[in-house]
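A look at the structure
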Amino acid sequence: ADSLLDGKTTISLFGVDAIQNDEPWQFVMVFPLPVDGDPYGLMGNVESPIETWKAIFPRSGAQERPFEPPITKKEFIDLVRAQIEKILTGDKFKCKLESFNSIDRDESFLTIWLQDTEMLETLAERVEARARVKPSAYEMVGFDCPTEYKNAKEFTTMPHEMDADKPGQAYRNLHTGEPMDNSCPAWVLFRKELKDKLDLFEEPQVLRVLRRHMLNYINIEELQKVNAITNFFAVHKWRHLSELHRRGWNDLSRIFGWPKEGTADHIVQYAGIQAAFFFHLFNTFTRWISGPAVLSVINFVLRRSPWVDKHQMQMLDSAYGAMLCIWTTVFLVRYEQLENLKIFRWGMHGAEQEIAPVRKEFSDAYRGTVCEGSQNLVHWILCLLFMLETVVAAECITKIRSRAFSDPEGSTFGISNGTLVLLAKYAITLNIKLVDSIWTPLSTWLSKKENWRTETDLKANMVVKLFAVKFVVFYYPFAFTIFVQPYEAEGCDGGEMSGCVSKLRSDLYFFFVCQVVTEAVGLCVTLLSVYWSVRSEKKKISQESGRKHVTYLELQAKLPPYGEADQIADYMNLVLIFGFIAMFGVTCPSMSIMCFFSNFPIKRLLAYKVSYARQRAVPRVEEGIGAWRAIMSFIAYMGVTCTCYIVIFVFNIEKMSLATKLILFILAERVLMALKKAMEGLMGSKTVAQLRIQEHNEEVLDKVLNGDA
């Protein structure tokens, strides 16, 4: 019934006025309705309706089948919807449901809200959800609640972050309205007998609990596969997005706001763990790249000053390279400390092993078989083939360019050699983008077809295979210029190593700018496509619709989901930029300052995309950034090797013999590697604050939960 739209306020999204009907709903199912032309094929019969019914309702499908074949698709969908409503309103869920039709009457929206608190507690206990211990529970038995700051022998509670618009007040929790502070109470598995000592579940936790329980009774993927529903999504809440907009996270007008450490604690309350960890990494990287960025400006000024000769400039570049090796180590160690503190603060420590659900596609009987091994092997063989393509392409492009460079007055393939030398730089970038555009969707599809037990396992293996190819595709063409080209017959431009260095710098600057611009333009195109999609809904308003405005939920249904591909792409772009700075920053210091300034608009565009141009992501359990941490560590070690090679073999400051350079290279690399290990061991993976918090919880948690003073 459309009556639930009565009395609603309107909001504006992408220039379209929409009825705000997002409260208090948590999920929405969209069912097709019969219209002229039958675009959904509702008048045709369903193929294998009995098997489809059993697949949609894995627990009750065999016992409750209210039809006999043949049956039309419309009749089948009506029965499916009735069964879904019966399940969701029954004793297993006790959800509140309401429905309304789309403005053009071709879809019916079923809104879902788990309103029963006792049922939420039952479900949370059943799926082994975690809950945070109340700070007051510590105080009731005479103990301090641990915080991130300890003064002498007492933990000190301090505001998390002061509200810029409300002087003297701290930002408040999006759900409870309580002021946010630096307290870090323990997280425990929820049990009803402990509920008085535990905080209420926040909305991302409720979404995760409800969705996981729902999937036990209703197969959403099967519903979408047979087009019984056209959409299923978690509901964006306008009031929460507006509050985050006020705080600056998704406000495009505040592009150059400083990336604060505490911003992720606001994000996790709404967008969930995955988005919070990504933006925490992004903010941390942006803050830390400011150091190399400042030094790169100094390097840039000195490079163009008349007081520094070539030899001195190479010495400065070498010092900058050594600084980058130390910087990558300190940055990664410090990030690991901050990440571990967030893992603990957000209750994710050990959570993947405890509550990660098994994928429905997983088959234990298939695991370990020859077929599974062959399937994985084929994927890795494809990885090698794509890597080989990049190696061959780099070799061919370089040879063609070298021949053209050595004969500037001639022509090749009917193109003047002067033009061809310039085009070769574009060819490298074009090949990288082309291979990447093919490999990313192909590898993602293959990974999803593989027999991984949990979503975490799937994502980790997907990331490894994607990055293995991208590491070669993105970095090899540039590494080839200084590692291989100088020792080939064609050699460097002009017959000197400086020719390879100049070529590398030129190619890197062009590609780096293209990479940043491509990412920014891609985000803008995404937003524009959503804008046109939303605007198209406005054109559907007619006299027959009976409404003047579309609804906010209808607009959300038009948005693409924020899936694994989006998340991996966001991480990949950030990690690849980190790799270019770590491995080639010694030759192109200016990349650091370009990266620093470009991160600000990109971060805002990403936040805006997640908030307004994508459906709300259902939070999943994740213990940190997962495989990306190991990948960044690998890149840092490769950066040490590349930097030592460039300084000793490419710059060749003292014009040493080959034997001397080899010895010095090995010594320098070993010293820097040892320094990295020493710094990692010295700084540790946890902050002193986290160690104190964990030690305190180990001592008092049992007493807090048992109520022992």
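Residues numbered from 1 in each chain as written. Predicted model: local features only at pLDDT ≥ 70, side-chain atom pairs only at ≥ 80, totals over all residues. Heavy atoms only, no water.

The next thing to look at is the environment of I77. Mapping I77 onto the fold places it in helix α2 (residues 73–89). Residue I77 is classed as buried on the basis of its relative accessible area of 4%. Those residues in contact with I77 that lie beyond four places of it in its chain are F31, P32, L42, N227 and A228. (Helix = DSSP H or I, 4+ residues; strand = E, 2+ residues; numbered from the N terminus. Buried < 20%, exposed > 50% of the residue type's maximum accessible area, 1.4 Å probe, protein only. Contact = heavy atoms within 4.5 Å.)

By volume, the second largest pocket is sized at about 870 Å³. For the second largest pocket, the lining is made up of 37 residues, of which R132, N173, W187, D199 and E202 are closest to its centre. Within the residue set of the lining of the second largest pocket, elements represented by two or more residues are β6 (130–132), α4 (135–140) and α5 (203–217). (1 Å grid on protein atoms, 1.4 Å probe; cavity = no way out; pocket = protein on both sides within 12 Å on 5 of 7 lines; lining within 4 Å. Points joined across faces, edges and corners; volume = space filled by probe spheres on them.)

As a further point, take the pairing of strand β1 (residues 10–13). By the alternation rule, side chains of β1 split into I11 and L13, which are all buried, and T10 and S12, of which none is buried. Both β1 and strand β2 (residues 16–19) contribute to a ladder of four bridges, which runs antiparallel. Of the residues in β2, the one forming a bridge with L13 is V16. Where β1 hands over to β2, the hairpin turn is made up of two residues, of which F14 adopts a positive phi near 55°. (Pairing = 2+ DSSP bridges.)

Our focus in this paragraph is the pairing of strand β4 (residues 96–101). As defined by bridge partners, β4 adjoins strand β5 (residues 107–113) across six bridges and the pair is classed as antiparallel. Its bridge partner being in β5, L97 is matched across the sheet by I112.

Along helix α1 (residues 49–56), the positions that sit buried rather than exposed are P49, T52, W53 and I56. Down the axis, α1 shows its buried residues gathered within 100° of arc, on one side only. (Arc of directions from axis to C-beta.)

Attention now goes to the sheet that holds β2. The sheet built from three strands is open, its strands ordered β1-β2-β13 with mixed pairing. At either margin of the open sheet sits one strand with a lone partner, and together these are β1 and β13 (550–551).

Before going further, it helps to examine the sheet that holds strand β10 (residues 231–234). Taken together, four strands build an open sheet; the order of strands is β4-β5-β3-β10 and the sheet is antiparallel. A strand with exactly one partner marks an edge of an open sheet, and here the two such strands are β4 and β10. When the angles between neighbouring strand axes are averaged without regard to direction, this sheet yields 20°. Here α5 sits on the sheet in contact with β3 (27–32) and β10, set at roughly 45° to β3. (Axes fitted to C-alpha atoms, helices over the stretch in contact; angles between N-to-C directions.)

Looking now at the nonpolar core. Counting residues in hydrophobic clusters, the biggest one holds 124 residues, and the most contacted among them are F279, F285, Y475, F580, F584 and W628. At 16 residues, the largest contribution of residues to this core is made by helix α19 (residues 627–651). Core analysis: the next-biggest nonpolar cluster, separate from the first, contains 59 residues, M119, A124, C145 and L210 among them. (Core = buried A, V, L, I, M, F, W, Y, C linked by side-chain atoms within 4.5 Å.)

According to the stated counting rule, one finds one cavity of 30 Å³ or more in the structure shown. Put simply, the largest cavity is a space of about 90 Å³. Secondary structure elements with two or more residues in the lining of the largest cavity: α15 (497–539), α17 (564–584) and α18 (590–613). Split into classes, the residues belonging to the lining of the largest cavity amount to six nonpolar, four polar and two charged. (Nonpolar A, V, L, I, M, F, W, Y, C, P; charged D, E, K, R; others polar.)

A few words now on the packing of aromatic side chains. Here the structure, examined in full by the defined rule, presents 47 aromatic pairs. Summarising the aromatic geometry, the rings of F467 and F471 are spaced 5.8 Å apart at their centres and angled 50° between planes, so their arrangement reads as tilted. Linking F467 with F471, this pair stays in helix α14 (residues 455–483), spanning four residues, or about one helical turn. For the pair F467 and F471, a shared accessibility class is recorded, and that class is buried. Summarising the aromatic geometry, the rings of F580 and F584 are spaced 6.3 Å apart at their centres and angled 40° between planes, so their arrangement reads as tilted. With F580 and F584 both in helix α17, this residue pair falls four residues apart, about one helical turn. Each of the two residues, F580 as well as F584, counts as buried. (Phe/Tyr/Trp six-rings, centres within 6.5 Å; stacked < 30°, edge-to-face > 60°.)

Here we come to unusual backbone geometry. Residues other than glycine predominantly adopt negative phi, and peptide bonds predominantly adopt the trans conformation. That bond from E23 to P24 is cis: its omega, -5°, falls within 30 degrees of zero. By the element assignment, P24 lies in the loop between β2 and β3. Cis rather than trans, the peptide bond between P69 and P70 has omega equal to 0°. As for its placement among the helices and strands, P70 is situated in the loop between α1 and α2. One non-glycine residue, R105, lies in positive phi territory at about 60°. One can find R105 in the loop between β4 and β5. Assessed through its relative accessible area of 34%, R105 is described here as partly exposed. In this model, N227 sits at a positive phi of 60°, which is unusual for a non-glycine residue.

Turning our eyes to something else, we now look at the environment of M158. Along the chain, M158 turns up in the loop between β8 (154–155) and β9 (187–189). Residues M158 and S502, spaced 344 residues apart in sequence, show a C-alpha to C-alpha distance of 53 Å. In contact with M158, other than residues within four places in its own chain, are Y149, D181 and N182.

Viewed as axis vectors pointing N to C, α19 and helix α20 (residues 658–683) meet at an angle of 150°, and their least axial separation amounts to 9 Å. Judged by the inter-axis angle, α19 sits roughly antiparallel to α20. α19 and α20 meet at a crossing whose hand is right-handed. Together, A636, Y637, V640, T641, C644, Y645, I648 and F649 of α19 and L658, K661, L662, L664, F665, A668, E669, L672, M673, K676, K677 and E680 of α20 make up the contact between the two elements. Here the residues of the contact of α19 with α20 sort into 14 nonpolar, one polar and five charged. (Parallel < 35°, antiparallel > 145°, perpendicular 65-115°, else oblique. Left-handed = near helix turned anticlockwise from the far one by under 90°.)

Any two side chains of opposite charge can pair, so long as their charged atoms come close to each other. The full count for this structure, using the stated rule, is 33 salt bridges. The residue E193 makes a salt bridge to R191 at a minimum N-O spacing of 3.0 Å. Given a relative accessible area of 57%, E193 falls into the exposed group. Overall, the relative accessible area of 37% leaves R191 in the partly exposed class. (Salt bridge = Lys/Arg side-chain N within 4 Å of Asp/Glu carboxyl O.)

Checked against the element boundaries, Q337 lands in helix α10 (residues 310–345). We classify Q337 as buried; its relative accessible area is 6%. Aside from chain neighbours lying at most four places away, what touches Q337 is M683, G684, S685, K686, T687 and Q690.

Looking now at the confidence of the model for the protein. Taken as a whole, the protein shows an average pLDDT of 86; of its residues, 94% reach a score of 70 or greater. Averaged over each element, pLDDT in the protein is lowest for helix α11 (residues 351–355) (57) and highest for β3 (96). (pLDDT = per-residue confidence, 0-100.)

This part covers the packing of helix α9 (residues 273–303) against α17. It is at 11 Å that the axes of α9 and α17 come closest, and there the two elements cross at 20°. Here α9 lies roughly parallel to α17, going by the angle between them. As α9 packs across α17, the resulting crossing turns out to be left-handed. Along its contact with α9, which presents Q274, F277, F278, L281, F282, F285 and I289, the element α17 presents Q567, D570, Y571, L574, F578 and I581.

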